[in-house]
Amino acid sequence: MSGRTIVVLATLDTKGKEADYLRTQIEKMGDKAFIIDVGVVGKPATFPDITREEVAEAGGMPLAKILENPSREVAAPIMAEGAEKIVTKLAAEDKVHGIVAMGGTQGTTLATKVMRALPYGFPKVMVSTMASGNVAPWVDIKDITMMFSVTDILGLNPVSRKILANAAGAVSGMANVGVRLERGDKPLVAVTTVGITTQGAMKAIEVLEAAGYETIVFHAIGPGGRAMEQMMREGIIGAVLDYSTIEVSNEMYHALLAGGQERLTTAGKLGLPQVICPGALEVLVFNEPETIPEMYRGRTLIRHSPQITDLRLNKDEMAEVGREIAKRLQFTKDEAVFMIPTAGYDSYATEAKGFYDLEADAAFVTQLTANLPGNFRVIERDTYIEDPAFATEAAELLIALINKHKSKN
């Protein structure tokens, strides 16, 4: 062990014994625990490295002011904000190398807010009573490890001691891993895909990697696209082949794979080289057929899996998608490419398949091209999106844009 420093984030009035136990376990592995107290009302049961007074001050309100009329509604956001500022600053200065926290609903909400503000790759372990359910509200698009506490986090017992020791071992192990998130000489290229565009994406990846580029692939199911764009903001990703833009249409029509309002805007704002394709754009994704909204009843459906049902957007809806995508791409100021396979946007939309509808696709293209900014080059090819020749050309166009971008900067 190299002696890393691990943040232990805890409310020391209610979880002081547990925090002290975590400190002991972390130190047994040769690392240092750095305890930050985010409690408010009760007396701390152990000594912190950062006091609750310091956390509250960093959050914008003195603890004494909070205690005049203490309530969770007032205190929790202030303590979360203060802890986030302190921990992110320590991490940026390489003074801490991992974080572990424990809590129920309130503690999990506070601690994971801090964790989500930390960079990808920074070790994050959350021991939570909530971890056996839907953890999406707490994890969101960050690499947070959720560990179910099994028991309530209220005192030490044989079970809780073992689970907390495991958590200490997990975060210390992560902090001591020799692999670092490092940037190479060439930009890391993001590629988006879903199952019905995978063969084309795989061919594009093959072409990019043969040219010496590392790729990072995102499953375009909502969180995938949002994580990709967050990595662009953090400077990890330097170019994008947005092969599957299904997350935009699913956002517009409130389906499962919604990618958020900022989807397709980030690369343009940052000036990153980008080639965009309409992969699976005509597909809305729902769960079982009975979950499909009434307005879509009577459409052609394809069962993608026992739990997933797809339906196809019609001509008017595709025209609306074209306008919306063009609107989102107004942020793109540099040269970019939108490449369109006119014979099908995925394996469900090729000739003789259930989603084949050239008229609806043409309505999308008409509205897209009429509203795109002038710096976009639109390229149409009479083929389908999984055609190896189409995928090869898309990858080669992105490589050309990367080279132009490099020569200008």
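Summarised in this report is the structure supplied together with it. Bear in mind that the values here come from a model prediction, so they are computed numbers and not experimental data. (Residues numbered from 1 in each chain as written. Predicted model: local features only at pLDDT ≥ 70, side-chain atom pairs only at ≥ 80, totals over all residues. Heavy atoms only, no water.)

**Observations concerning the overall build of the chain**
And then number 1: Across its full length, the chain carries 14 helices and 14 strands.
And then number 2: Relative to its 409 residues, the chain shows a buried fraction of 53%.
And then number 3: Put simply, of all contacts in the chain between residues at least 6 apart along the chain, 72% involve residues at least 24 apart.
And then number 4: Here the chain displays about 17,900 Å² of accessible surface, and carbon together with sulfur accounts for 53% of that area.
And then number 5: Separation of charge centres in the chain, based on 42 positive and 52 negative side chains, amounts to 6 Å. (Helix = DSSP H or I, 4+ residues; strand = E, 2+ residues; numbered from the N terminus. Buried < 20%, exposed > 50% of the residue type's maximum accessible area, 1.4 Å probe, protein only. Contact = heavy atoms within 4.5 Å. Areas by Shrake-Rupley, 256 points an atom, 1.4 Å probe, with all protein chains shown as cover. Lys, Arg positive; Asp, Glu negative; His and termini not counted. Charge placed at Lys NZ, Arg CZ, Asp CG, Glu CD.)

**Focus on the pairing of strand 12 (residues 308-312)**
And then number 1: Burial within strand 12 is extensive, with 4 of its 5 residues counted as buried.
And then number 2: Taken together, the 4 bridges between strand 10 (residues 283-286) and strand 12 define a ladder with antiparallel strand orientation. Paired with F286 across the strands is T309, a residue of strand 12.
And then number 3: Sheet topology places strand 11 (residues 301-305) next to strand 12; 4 bridges connect them, and they run antiparallel. Note that in strand 12 the partner of S305 across the bridge is I308. (Pairing = 2+ DSSP bridges.)

**Observations regarding the pattern of salt bridges**
And then number 1: For the coordinates displayed, the defined rule picks out 22 salt bridges.
And then number 2: For E359, the salt bridge goes to K315, with nearest N and O atoms at 3.1 Å. One end of the pair, E359, is in helix 13 (residues 358-371); the other, K315, is in helix 12 (residues 315-328), with 44 residues separating them in the sequence.
And then number 3: A salt bridge links E393 to R381, with the nearest nitrogen and oxygen atoms 2.7 Å apart. (Salt bridge = Lys/Arg side-chain N within 4 Å of Asp/Glu carboxyl O.)

**Side note on the side chain of D310**
And then number 1: Relative to the assigned elements, D310 resides in strand 12.
And then number 2: The charged side chain of D310 is buried without a salt bridge, its nearest counter-charge being R303 at 8.5 Å.
And then number 3: What D310 contacts, discounting residues up to four positions off in sequence, is V283, L284, V285, T300, L301, I302, H304, Y348 and F355.

**A word on the nonpolar core**
And then number 1: One finds L9, I36, V55, I66 and I99 to be the most contacted residues of the largest nonpolar core, which totals 35 residues.
And then number 2: Of all the secondary-structure elements, those providing two or more residues to this core are strand 1 (5-10), strand 2 (32-37), helix 2 (52-59), helix 3 (63-66), helix 4 (72-92), strand 3 (98-103), helix 5 (105-116) and helix 6 (136-139).
And then number 3: For this core, the leading source of residues is helix 4, giving 9 residues.
And then number 4: Apart from residues lying up to four places away in sequence, L9 is in contact with I36, V38, A83, I99, V100, A101, M102, L110, A111 and V114.
And then number 5: Listed in part, the 28 residues of the second largest apolar core include I276, M318, V321 and L372. (Core = buried A, V, L, I, M, F, W, Y, C linked by side-chain atoms within 4.5 Å.)

**Regarding the environment of V207**
And then number 1: Residue placement: V207 occurs in helix 8 (residues 198-210).
And then number 2: C-alpha of V207 to C-alpha of A19: the two residues are 188 residues apart in sequence and 50 Å apart in space.
And then number 3: With residues near it in sequence (within four places) discarded, V207 still touches T392, A395, E396 and I399.

**Overview of the packing of helix 12 against helix 13**
And then number 1: Two elements in contact, helix 12 and helix 13, have axes whose closest approach is 7 Å; the angle formed by their N-to-C orientations is 25°. In terms of their interaxial angle, helix 12 and helix 13 are classed as roughly parallel. By crossing handedness, the relation of helix 12 to helix 13 is classed as right-handed. Contacts between helix 12 and helix 13 involve K315, M318, A319, V321, G322, R323, I325 and A326 from the first element and E359, A360, D361, A363, F364, Q367, L368 and N371 from the second.
And then number 2: Taken together, the residues of the contact of helix 12 with helix 13 sort by class into 9 nonpolar, 3 polar and 4 charged. (Axes fitted to C-alpha atoms, helices over the stretch in contact; angles between N-to-C directions. Parallel < 35°, antiparallel > 145°, perpendicular 65-115°, else oblique. Left-handed = near helix turned anticlockwise from the far one by under 90°. Nonpolar A, V, L, I, M, F, W, Y, C, P; charged D, E, K, R; others polar.)

**Comments concerning a nonpolar patch on the surface**
And then number 1: Judged by side-chain polarity, F148, V150 and V159 come together as a nonpolar surface patch covering roughly 240 Å² of accessible area.
And then number 2: The residue F148 is located in strand 5 (residues 145-148) in this model. (Patch = residues over 30% accessible without salt bridge, like charges linked within 9 Å, V, L, I, M, F, W, Y side chains within 5 Å.)

**Description of the sheet that holds strand 14 (residues 376-381)**
Whenever strands of a sheet pair, they do so through backbone hydrogen bonds, lying parallel or antiparallel.
And then number 1: Strand order in the open sheet made by the 6 strands is 7-6-8-9-13-14, with parallel pairing throughout. The outermost strands of the open sheet, each flanked by one partner alone, are strand 7 (215-219) and strand 14. Strand-to-strand twist in this sheet, taken as the mean axis angle between neighbours without regard to direction, amounts to 20°.
And then number 2: Where strand 8 (residues 239-242) lies against strand 9 (residues 274-276), 3 bridges are found, and the strand directions are parallel. The residue of strand 9 that forms the bridge with D242 is I276.

**Brief notes about the packing of aromatic side chains**
And then number 1: If you walk through the whole model with that rule in mind, you get 5 aromatic pairs.
And then number 2: With 6.3 Å between their ring centres and 55° between their planes, F338 and F364 make a pair best called tilted. On the criterion of sequence distance, the pair formed by F338 in strand 13 (residues 336-341) and F364 in helix 13 is long-range, its members being 26 residues apart. Of the two residues examined, F338 and F364, each falls in the buried class.
And then number 3: Between Y345 and F364 the ring centres are 6.0 Å apart and the planes differ by 70°, which places this aromatic pair in the edge-to-face class. (Phe/Tyr/Trp six-rings, centres within 6.5 Å; stacked < 30°, edge-to-face > 60°.)

**Comments concerning helix 12**
And then number 1: Over its 14 residues, helix 12 runs 20 Å from end to end, which matches the ideal 20 Å to within 8%, given 1.5 Å per residue.
And then number 2: Within the span of helix 12, buried status applies to E317, M318, A319, V321, G322, E324, I325, A326 and R328.
And then number 3: The N-cap residue of helix 12 is N314: its side-chain oxygen and the backbone nitrogen of D316 are 3.2 Å apart. (Expected span 1.5 Å × (residues − 1). Polar contact = N/O pair within 3.5 Å; in protein donor to acceptor, adjacent residues only side chain to side chain.)

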